[in-house]
Amino acid sequence: MTDYAKPLPDVADPNMAPYWEAAKRHELRMQRCDSCGYVRFPPAKHCPECLDENHDWVLLSGRGTVWSFGVYHHLFNRAFADDIPYNVALVQLEEGPRLVTNIVGVENEAMEIGMPVEVEFDDVTDEVTLVRFRPRG
Amino acid sequence: MGVTELSKLRDQVAIVGVGTTRQGTIPGKDGNEIAVDAFKLALDDAGLEKDDIDGLLTCRSFGDLGVDTQIAPLIGLNPLYSATLDYGTCNFSLHFAAMLIAGGFAHTVACMYGTNQRSNRNFFAGTSAADYALAHGLFNIAGPASMALRRHMHEYGTTEEQMSAIALTERAHARLNPIAVMRDELTKDDYLNSRYIVEPLHLFDMCLITDGGACVILTSAERARDMKQPPVYIMGMAENTSLRNFQNDDQLMRPFIQTVRDQIYPAAGVGREDVDVLFIQDPTSVWVLQMLEWYGFCEVGEGGSFIQDGRIGLGGELPLNTNGGQLSESYMWGWLHIPEAVRQLRGQAGPRQVEGAEIAQYCSTMAFSKAASTIMRRD
C-alpha cells in the first residue's frame, strides 16, 4: 500500500476529518443540521440553509442512484494509467447530497444513468479509505 | 419586452478598442507581458494613448499572474481605479468596466488578459475539484462536462453525431481566421473517429490550451463618438450566479442561466430574434449546447437537432462563434469572442463577415458558478 501513487485527500482537514474517520470504519457519515435537518456535503462549520453550527454526523443509508458519469480515456494523471478507461460518477444519495465517486463491480459499458447503487469502502492506504459504490439489487 | 433596472445602462457605454495578440505558442513571454502586448494593440486600434486609460481591469491567469498590481507597473499607469477579476471571460470584466464608467469611477477602462499556459505546460489536470474528487480521478472540466452531456443524451436523445456540428462549424470558421490555431479541415468522420477525452466527449469537443492575450477598451458613449473606430454600444448586460455550486440539484445542467436570459433581452430592448451573430464561450462543446437552450434560441432538449444543417454556420440563420471559438481559434478563457463580435459589428471581419450584422450577443459562464451575457450593437 505504500506505493499508492494516486492523489490522496487531506484526511486531517478539520472539516473533513470526521468524514474520513467514518470511512475508515466503513461508515458513510455526513453532517445533519440539528436546527433544520439539512444534510450537507462537503462538510462545513455552518449549515448553508439556516447557518446553525450544531449538527450530528449521522450514518447514511449508503444507497443512491447514478446521476451521471463520464469514462476517462485521456490520461490526465499518470497514476491512473492502469485504470484507463475508468469511470467517474456522480451519485445522488438518498439523503440529498451528491457525491463524486467511482462505480465498481460493473463494466463501464453496462453502467446506466439511474442505476441503483450502494456504498463500498476501499482501503487504499493505511490512512485513507475511499468511498465508492457498486450496483445494488 | 419586460422591464428591468438593467435597462438604465442601455447604450451608455461603448467598446472603442480591441486587441488580440498572436495565439498558440509565445515562448519567452509570461502572461503579464502578453497582456501588455494586447493592451498596445487595443490602444492602437482605439487611437488612444496609454495615459487616456484611467481604469484598469485585469484577469488572473495561469501561474498566479494577471494581477492589477503586477500589470500596472508594466504599462506605467496609476489609474483612478483598478481591480483584478478571478475569471473575466471578457463578459464579467466588460460589465465591471461599464459599471465603473457609468458610476464615474473611471472614464476609459482597459480590460485585459494574457497567458502562457501552453508554453508553461498547464494541462488543467487538477481544475478546482476538491481533493476527494481528484482521488477518484475527476480531472479537468472535461469530467463534469461529460456527465452533463451524458445526462442530456439520456434525457433528450442527443447524439454524438449531432454534437459534431459544433466542432465542425467552429473549425470551418477558424479556417477563415488568420490568428486561429486549428485551421485544418475537420470532417464528421474525423470527429466520430477521434478518441474520447472523457466519454462521451470527443477530442474535438474540448478547447485547446494556448498562449495569447486580449484587451478591450471601453468608454462612455459620449466620448466614444469622437474616436477613431465606429463605436460598438453595449445595449444590455445581465448576470446570475449559482455559487452554491455543488449544493445545487442541477449543478451540471446549469439552469440558473435562464435568469440571465430573462433579464438580458429586456435590458437591451431587443429580442433574441434580433441577434445577427451569436458568441458562446466554449471550453467544451457542451457549453454551446446548454446555452443555446437556456437563452431560448431553441427549446430545452432540442439543442442537438437545432444545430444541424448549417444553422449556426456562416450564411446560416444564426452564425455562431465566427472566430472559431475556443475549440478551434484559441483558448483565452472566453476573451476572444468580444473582440470578434466588435469586428463583426464594425464590418471588419474579412472573410468571416456576417453581412449586415447590426446586433451581436455574447454568452459566457464561469464553470458552474456564474453566468453573464452582453448584447452589443453597431452605430
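Residues numbered from 1 in each chain as written. Chains lettered and ligands numbered in written order. Predicted model: local features only at pLDDT ≥ 70, side-chain atom pairs only at ≥ 80, totals over all residues. Heavy atoms only, no water.

## So, the overall build of chain B
Right, so step 1: The number of helices and strands found in chain B is 13 helices and 11 strands.
Right, so step 2: A compact globule built from 379 residues would reach a C-alpha radius of gyration of about 21 Å, and chain B, at 19 Å, matches this within 12%.
Right, so step 3: The principal-axis extents of the C-alpha atoms in chain B amount to approximately 55 × 45 × 40 Å.
Right, so step 4: Put simply, chain B has 379 residues, and 62% of those count as buried.
Right, so step 5: Counted over contacts in chain B with a minimum sequence separation of 6, partners at least 24 positions apart contribute 77%.
Right, so step 6: Accessible surface, chain B: about 13700 Å² in total, of which carbon and sulfur atoms supply 46%.
Right, so step 7: One finds the centroid of the 30 positive side-chain charges in chain B at a distance of 3 Å from the centroid of its 46 negative side-chain charges. (Helix = DSSP H or I, 4+ residues; strand = E, 2+ residues; numbered from the N terminus. Rg over C-alpha atoms; globule rule 2.2 N^0.38 Å. Buried < 20%, exposed > 50% of the residue type's maximum accessible area, 1.4 Å probe, protein only. Contact = heavy atoms within 4.5 Å. Areas by Shrake-Rupley, 256 points an atom, 1.4 Å probe, with all protein chains shown as cover. Lys, Arg positive; Asp, Glu negative; His and termini not counted. Charge placed at Lys NZ, Arg CZ, Asp CG, Glu CD.)

## Some remarks on the pattern of salt bridges
Right, so step 1: Applying the stated criterion to the full structure yields 19 salt bridges over all chains.
Right, so step 2: For the salt bridge of B:Arg378 with B:Glu358, the shortest nitrogen-to-oxygen distance reads 3.6 Å. Of this pair, B:Arg378 sits in strand β11 (residues 370–378) while B:Glu358 sits in the loop between α13 (337–346) and β10 (359–366), and the two are 20 residues apart along the sequence.
Right, so step 3: A network of salt bridges, in which partner residues are shared, links A:Arg25, A:Glu27 and A:Arg29. (Salt bridge = Lys/Arg side-chain N within 4 Å of Asp/Glu carboxyl O.)

## Details of the interface of chain A and chain B
Right, so step 1: Between chain A and chain B, the residue contacts involve 35 residues of the former and 31 residues of the latter.
Right, so step 2: Summed over both partners, the interface of chain A with chain B buries about 3100 Å², with 61% contributed by carbon and sulfur atoms.
Right, so step 3: Scanning the region where chain A abuts chain B turns up 2 salt bridges.
Right, so step 4: Taken together, the connections running from chain A to chain B amount to 17 residue pairs in polar contact (both at pLDDT 80 or more).
Right, so step 5: Elements that contribute at least two residues to the side of chain A that touches chain B include exactly β4 (63–72), β5 (86–93), β6 (98–101) and β8 (129–135) of chain A. (Buried area = accessible area lost by both parts, 1.4 Å probe. Polar contact = N/O pair within 3.5 Å; in protein donor to acceptor, adjacent residues only side chain to side chain.)

## Re the nonpolar core
Within soluble globular proteins, side chains that are nonpolar generally end up buried alongside one another.
Right, so step 1: Of all hydrophobic cores here, the largest spans 96 residues; its most connected members are A:Tyr19 and A:Leu99.
Right, so step 2: Looking at this core element by element, the count peaks at 7 residues for helix α10 (residues 285–294) of chain B.
Right, so step 3: Here this core spans two domains, and each of domain 1 (11–60) and domain 2 (61–137) of chain A adds at least three residues to it.
Right, so step 4: Beyond its immediate chain neighbours, meaning those up to four positions away, A:Tyr19 contacts A:Leu28, A:Arg29, A:Met30, A:Phe41, A:Trp57, A:Leu99 and A:Val131.
Right, so step 5: With 40 residues, the next largest nonpolar core counts B:Val109, B:Cys111, B:Met237 and B:Val354 among its residues. (Core = buried A, V, L, I, M, F, W, Y, C linked by side-chain atoms within 4.5 Å. Domains from an automatic or database assignment.)

## Things to note about the side chain of B:Asn140
Residue and element names in this part refer to chain B.
Right, so step 1: Within the element layout of this structure, Asn140 appears in the loop between α4 (131–135) and α5 (142–156).
Right, so step 2: Residue class for Asn140 comes out buried when judged on its relative accessible area of 9%.
Right, so step 3: A distance of 2.8 Å separates the side chain of Asn140 from the backbone nitrogen of Ala142, its partner in a polar contact.

## As for the sheet that holds strand β7 (residues 212–220) of chain B
Residues and elements named next belong to chain B.
Right, so step 1: Pairing is mixed in the open sheet, where 9 strands are placed in the order β3-β2-β4-β7-β1-β8-β11-β10-β9. Across the chains shown, the open sheet's two edge strands, defined by having one partner strand only, are β3 (81–85) and β9 (277–280). Mean inter-strand twist for the sheet, computed between neighbouring axes without regard to direction, equals 25°.
Right, so step 2: Packing against the sheet, helix α1 (residues 31–46) makes contact with β1 (13–20), β4 (108–115) and β7, and its axis sits at approximately 125° to β1. (Pairing = 2+ DSSP bridges. Axes fitted to C-alpha atoms, helices over the stretch in contact; angles between N-to-C directions.)

## Looking at the environment of B:Leu336
All names here are of chain B.
Right, so step 1: Note that Leu336 resides in the loop between α12 (325–329) and α13.
Right, so step 2: Relative accessible area serves as the criterion here: at 2%, Leu336 is assigned to the buried category.
Right, so step 3: Look past the residues within four positions of Leu336 in its chain and what remains in contact with it is Thr20, Gln23, Gly213, Ala214, Asn323, Glu329 and Ser330.

## Quick word on the confidence of the model for chain B
Right, so step 1: Counting all residues, the mean pLDDT for chain B is 95, and 97% of those residues have values of 70 or more.
Right, so step 2: Scored as a complex, the prediction yields pTM 0.96 and ipTM 0.95. (pLDDT = per-residue confidence, 0-100.)

## A few points about the domain arrangement of chain A
Quoted interface sizes are often the accessible area lost when the parts come together.
Residues and elements named next belong to chain A.
Right, so step 1: Annotation of chain A at the domain level lists domain 1 (11–60) and domain 2 (61–137).
Right, so step 2: Inter-centroid distance (C-alpha atoms) of domain 1 to domain 2 is 21 Å.
Right, so step 3: At the interface, 13 residues of domain 1 touch 17 residues of domain 2.
Right, so step 4: Counting the surface lost from both domain 1 and domain 2, the interface buries some 1200 Å², and carbon and sulfur atoms represent 72% of this.
Right, so step 5: When the area that domain 1 buries against domain 2 is broken down by residue, the three leading residues are His26, Leu28 and Leu60, summing to 41%.
Right, so step 6: Where domain 1 packs against domain 2, one counts 0 salt bridges.
Right, so step 7: Sort the elements by how many residues they give to the side of domain 1 that touches domain 2 and helix α1 (residues 17–24) lands first, with 4 residues.
Right, so step 8: Looking at the side of domain 1 that touches domain 2 residue by residue, the class counts come to 10 nonpolar, 1 polar and 2 charged. (Nonpolar A, V, L, I, M, F, W, Y, C, P; charged D, E, K, R; others polar.)

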